[in-house]
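# Observations on the three-dimensional arrangement
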Amino acid sequence: MMPDRPPSVPSLTDRPALMRNRIRALRQGPADFLHRIVADEIQDRLAEVNRRFNDIAVVTGWPDFWRAVLPGARIVSDDPVLDLPEGAHDLVIHAMALHWAEDPVGQIAQCARALHPDGLFIATCPGGRTLHELRDSLTRAEVEVAGGLSPRVLPMGEIRDLGALLPRAGLALPVADQIAQTVSYRNLFHLARDLRAMGEGNALAQRLRRPTRRDVLLRAAALYAENHPDPQDGTRIRATFDLVFLTGWAPDASQPKPLRPGSARMPLAEALARVRKPE
């Protein structure tokens, strides 16, 4: 079991609201294009690993999609306590759910414990500047029209901070990278409709609990169109999605180890001088 969250730390996510958003998206027909991009990327990365994975688990809020991508994989809900037996898997994928976790390092640590020695962990989630255009437009509109500010867009982790979670969770050979996707929309309202269809509506615990004023939304739409137009079509807007990929391995004696400090046989200055010496 994971430790209880200290009472002095405010919750980030309203979990029941997140689940309602996901259920609503499934009923309406989900927009899964980001999941498809991620799935293709993960398949490409696995193809580069000279290994066959037989005991796969996927932690996700979208079980039907990932069950179709990886038939036979164990599909696990992204609950605070993951239903993952210790040491049972050679590959665990945390798919597009880590950004909503109250304790992301705890999620990764649970996945790490579920791996065989030298098992592979892959996580992917939005990060960096994801939806920075929407955040900017809503913030400016609410301050200008309503004279206040409320949480509307989930804060996204930077790649460096997310990558640092891997060794904290006990994983070796950590790697973090990201790809950026820019998507064109007719206007802010069409973007909001797509976010609802992704199940990525506002589920922040500290969010405003009443409908947003229409004049705030109209001003945000105008600011969005003015400041973040699609460079290919100025009548439309752009939305950025940064997709972060985290990779780490369960420690094993067979893995390469860094050299012991002081074990080099030649001073760095001498080695560089030899490299630079003309023939």
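Refer to the preceding data block for the structure.
Residues numbered from 1 in each chain as written. Predicted model: local features only at pLDDT ≥ 70, side-chain atom pairs only at ≥ 80, totals over all residues. Heavy atoms only, no water.

### A look at the overall build of the protein chain
Heads up, the rule is: Secondary structure elements follow DSSP: runs of H or I of four or more residues count as helices, runs of E of two or more count as strands, with numbering from the N terminus. The buried label goes to any residue with under 20% of its type's maximum accessible area, the exposed label to any with over 50%, and the partly exposed label to all in between, with areas taken from a 1.4 Å probe on protein chains only.
Each helix and strand in the protein chain was counted, giving ten helices and seven strands. Here the protein chain holds 279 residues, and the buried ones make up 44% of them.

### Concerning unusual backbone geometry
It is generally the case that most residues other than glycine have a negative phi and that most peptide bonds are trans. Phi is positive for Met 96, which is not a glycine, with a value near 55°. With respect to the secondary-structure elements, Met 96 resides in the loop between β3 (89-95) and α4 (104-113). With relative accessibility at 4%, the residue Met 96 sits in the buried group. The backbone of Asp 118 shows a phi angle near 65°, a positive value even though the residue is not glycine. Tracing the backbone through its elements, the reader meets Asp 118 in strand β4 (residues 115-127). Overall, Asp 118 belongs to the buried group, its relative accessible area being 14%.

### Digging into the packing of helix α8 (residues 188-197) against helix α9 (residues 214-227)
To keep it simple, the criterion reads: To get an axis, fit a line to the C-alpha atoms, keeping to the stretch in contact for a helix; angles then go from 0 to 180 degrees between the N-to-C directions. For this classification, under 35 degrees means roughly parallel, over 145 means roughly antiparallel, 65 to 115 means roughly perpendicular, and everything else is oblique. By the convention used here, residues are in contact when the closest approach between their heavy atoms is within 4.5 Å. Following the grouping adopted for this structure description, the nonpolar residues are Ala, Val, Leu, Ile, Met, Phe, Trp, Tyr, Cys and Pro, the charged ones are Asp, Glu, Lys and Arg, and the polar ones are all others, Gly among them.
For the pair α8 and α9, the least separation of the axes is 9 Å and the interaxial angle reads 105°. With respect to α9, the element α8 is oriented roughly perpendicular. Two secondary-structure elements touch here, α8 through Leu 188, Phe 189 and Leu 191 and α9 through Leu 217, Leu 218, Ala 220, Ala 221 and Tyr 224. Class assignment for the residues of the contact of α8 with α9 results in eight nonpolar, no polar and no charged.

### A look at the pairing of β3
The cut-off we apply is this: Should DSSP find at least two bridges between two strands, the strands are taken to pair. Note on handedness: a clockwise path from strand one over the helix to strand two, with the strands aimed away from the viewer, defines a right-handed crossover.
Of all the seven residues making up β3, seven are buried; the element is thus mostly covered by neighbouring parts of the structure. Relative to β3, strand β1 (residues 56-60) runs parallel, the two being bridged by five bridges. Residue pairing in the sheet places Val 58 in a bridge with Ile 93 of β3. Here β3 runs beside β4; their pairing, made up of six bridges, is parallel. The partner of Leu 91 across the bridge, within β4, is Leu 120. Regarding topology, α4 serves as the crossover connection from β3 to the parallel β4, and that connection is right-handed.

### What about the packing of aromatic side chains?
Heads up, the condition is: Ring geometry is summarised as follows: Phe, Tyr and Trp rings, the Trp one being its six-membered ring, pair when their centres sit within 6.5 Å, and such pairs are stacked at plane angles under 30 degrees, edge-to-face over 60 and tilted between the two.
Under the defined criterion, the tally for this structure stands at two aromatic pairs. Centre to centre, the rings of Phe 33 and Phe 241 are 6.2 Å apart; their planes meet at 85°, and the pair counts as edge-to-face. Placement of the pair is Phe 33 in helix α2 (residues 33-47) and Phe 241 in strand β7 (residues 233-249), with a sequence separation of 208 residues. No difference in accessibility class separates Phe 33 from Phe 241, as the two residues are buried.

### Things to note about the pattern of salt bridges
Using the following cut-off: Should a side-chain nitrogen of Lys or Arg be within 4 Å of a carboxyl oxygen of Asp or Glu, the pair is scored as a salt bridge.
Applying the stated criterion across every chain, the model contains 16 salt bridges. Measuring nitrogen to oxygen at the nearest pair gives 2.7 Å for the salt bridge that ties Asp 118 to Arg 51. With Asp 118 in strand β4 and Arg 51 in the loop between α2 and β1, this residue pair connects regions lying 67 residues apart in the sequence. Assessed through its relative accessible area of 37%, Arg 51 is described here as partly exposed. Linking Arg 74 and Asp 83 is a salt bridge whose minimum nitrogen-to-oxygen distance equals 3.2 Å. Among the charged side chains, a salt-bridge network with shared partners connects Arg 15, Arg 22, Asp 78 and Asp 79.

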